[in-house]
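# Inside the fold
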Amino acid sequence: IEDVSKRLSALFGTDDKPQERGKLLEAVLNDLFRAYGILVREDFRRRSPDTGTVIEQIDGVVELDGAIHLVEMKWLNVPVGMGEFSPHLSRLFMRPNARGIFIAANDYTEPVLTACKEALSLKTIFLCSLREFVILVQRQGDLVALLKKKSRAAIIEKNPYLEVLN
């Protein structure tokens, strides 16, 4: 966890290389999931069997409380908008039993929050901020407990964006 914390902190100095920073973020957060024993699969691409063309890219898959969650991570300089959020939502709806986790460095737009709340009537999905993960590793908190708290807020309270900062 200490190694993950150092690597995560180092990413804040890579503003000039957003594409590289995004891939490094995936690796750091996947290692964080792994440190808590919850990583199922790192990023992967699904290809068309006919052409070999990438038809889908998923940043990670984790199992939480026996449920499979597709994970999407975005480190943009602006809040995540529908253009970045919609593909993740589509992936979830194409898988009957999948749930979703979206992690963003700079928050979400109102349309994303609205769409996420509306989707909760059909799918479990919750939103995370990168700051939650930074605080978690700094205080060496419990990632499993954080994710379960957020999942319960989405399911029980229909709140997809409960920010857990303590």
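As shown above, the structure is provided for reference.
Since the structure is predicted, the reported quantities are computational estimates derived from the model, not experimental observations. (Residues numbered from 1 in each chain as written. Predicted model: local features only at pLDDT ≥ 70, side-chain atom pairs only at ≥ 80, totals over all residues. Heavy atoms only, no water.)

### Quick look at the nonpolar core
For clarity, the threshold we go by: The criterion is simple. A nonpolar core is a set of buried Ala, Val, Leu, Ile, Met, Phe, Trp, Tyr and Cys residues joined through side-chain atoms within 4.5 Å. A simple rule labels every residue: compare its accessible area, found with a 1.4 Å probe on the protein chains alone, to the largest value its type can have, and call it buried under 20%, exposed over 50%, or partly exposed in between. The contact definition used throughout considers only heavy atoms, calling two residues in contact when any of these lie within 4.5 Å.
With 50 residues, the main nonpolar core has Leu32, Phe33, Phe85, Ile103, Tyr108, Leu143 and Leu147 as its most contacted residues. Not counting chain neighbours up to four residues away, the residues in contact with Phe85 comprise Val80, Phe102, Val112, Ala115, Cys116, Ile125 and Leu127.

### Digging into the packing of aromatic side chains
What counts here: Here a pair means two rings of Phe, Tyr or Trp (six-membered ring of Trp) with centres within 6.5 Å. Their orientation is stacked below 30 degrees between planes, edge-to-face above 60, and tilted elsewhere.
Under the definition given, this model contains five aromatic pairs. Taking the centre distance of 5.9 Å and the plane angle of 75° together, the rings of Phe102 and Tyr108 count as edge-to-face. In terms of burial, Phe102 and Tyr108 fall into one category: buried. Three or more aromatic residues joined by ring pairs make a cluster, and in this case those are Phe85, Phe102, Tyr108 and Tyr161.

### Points about the environment of Ser9
Convention followed: Helix and strand definitions here come from DSSP, where helices need a minimum of 4 consecutive H or I residues and strands a minimum of 2 consecutive E residues; each element is numbered from the N-terminal end.
Along the chain, Ser9 turns up in helix α1 (residues 2-11). A sequence separation of 125 residues divides Ser9 from Val134, and the C-alpha atoms of the two residues are 7.9 Å apart.

### What to know about the packing of α1 against helix α2 (residues 18-35)
Which entries qualify depends on this criterion: Helix axes use the C-alpha atoms of the stretch in contact, all axes being lines fitted to C-alpha atoms, and the angles between their N-to-C directions lie in the range 0 to 180 degrees. Every angle not falling under 35 degrees, over 145, or within 65 to 115 is termed oblique; those three ranges are roughly parallel, roughly antiparallel and roughly perpendicular. Here a crossing is called left-handed whenever its near helix is offset anticlockwise from the far helix by less than a right angle, and right-handed whenever the offset is clockwise. Lys, Arg, Asp and Glu make up the charged group, whereas Ala, Val, Leu, Ile, Met, Phe, Trp, Tyr, Cys and Pro make up the nonpolar group; the residues left over, Gly among them, are polar.
As a packed pair, α1 and α2 sit with axes 10 Å apart at the nearest point and diverge in direction by 160°. Here α1 is positioned roughly antiparallel relative to α2, judged by the angle of their axes. Here α1 runs over α2; the crossing is left-handed. On the side of α1, the interface is formed by Val4, Arg7, Leu8 and Leu11, while α2 contributes Arg21, Leu24, Leu25, Ala27, Val28, Asp31 and Leu32. Each residue belonging to the contact of α1 with α2 can be placed in one class, and the counts come to eight nonpolar, no polar and three charged.

### Quick look at the pairing of strand β5 (residues 125-129)
Note the cut-off: Here the rule is simple: two strands pair whenever DSSP picks up at least two bridges between them. Handedness of a crossover is defined as follows: orient the strands so they point away from the viewer, and if the path from the first strand over the helix to the second runs clockwise, the crossover is right-handed.
In terms of burial, β5 is largely enclosed, as five of its five residues are buried. On β5, burial covers both faces: Ile125, Leu127 and Ser129 on one face and Phe126 and Cys128 on the other are all buried. In terms of strand pairing, strand β4 (residues 99-104) meets β5 through five bridges, oriented parallel. Residue pairing for β5: Phe102 is matched across the bridge by Leu127. Handedness of the β4-helix α4 (residues 110-119)-β5 crossover: right-handed.

### Observations regarding helix α6 (residues 143-156)
Condition: Every helix has an expected span of 1.5 Å times one less than the residues it contains. The arc in question is traced by the directions running from the helix axis to the C-beta atoms. Between N or O atoms, a polar contact is any pair within 3.5 Å; within protein, one atom must be a potential hydrogen donor and the other a potential acceptor, and residues adjacent in sequence are included only when both atoms are from side chains.
In a regular helix each residue adds 1.5 Å, so 14 residues correspond to 20 Å; α6 covers 20 Å between its end C-alpha atoms and thus fits that length. Buried within α6 are the following residues: Leu143, Leu146, Leu147, Lys150, Ser151, Ala153 and Ala154. End-on view of α6: buried residues confined to an arc of 155°, all on one side of the axis. Near the N-terminus of α6, the side chain that reaches the backbone nitrogen of Val144, with its oxygen 3.0 Å away, is that of Asp142. The first or second residue beyond α6 is Lys158, which carries a positive phi of 55°.

### Topic: the side chain of Thr124
Along the chain, Thr124 turns up in the loop between α4 and β5. Accessibility expressed as a relative area gives 16% for Thr124, which makes it buried. The contact partners of Thr124, leaving out residues within four places of it in the chain, are Arg99, Gly100, Ser151 and Ile155.

### Some remarks on the pattern of salt bridges
Using the following cut-off: Between Lys or Arg on one side and Asp or Glu on the other, a salt bridge is scored when a side-chain nitrogen of the former is within 4 Å of a carboxyl oxygen of the latter.
Counted under the stated rule, the structure contains 11 salt bridges. Among the ionic pairs, Lys74 bridges to Glu72, the shortest N-O distance being 3.4 Å. The exposure class assigned to Lys74 is partly exposed, which follows from its relative accessible area of 25%. You can call Glu72 buried: its relative accessible area is 4%.

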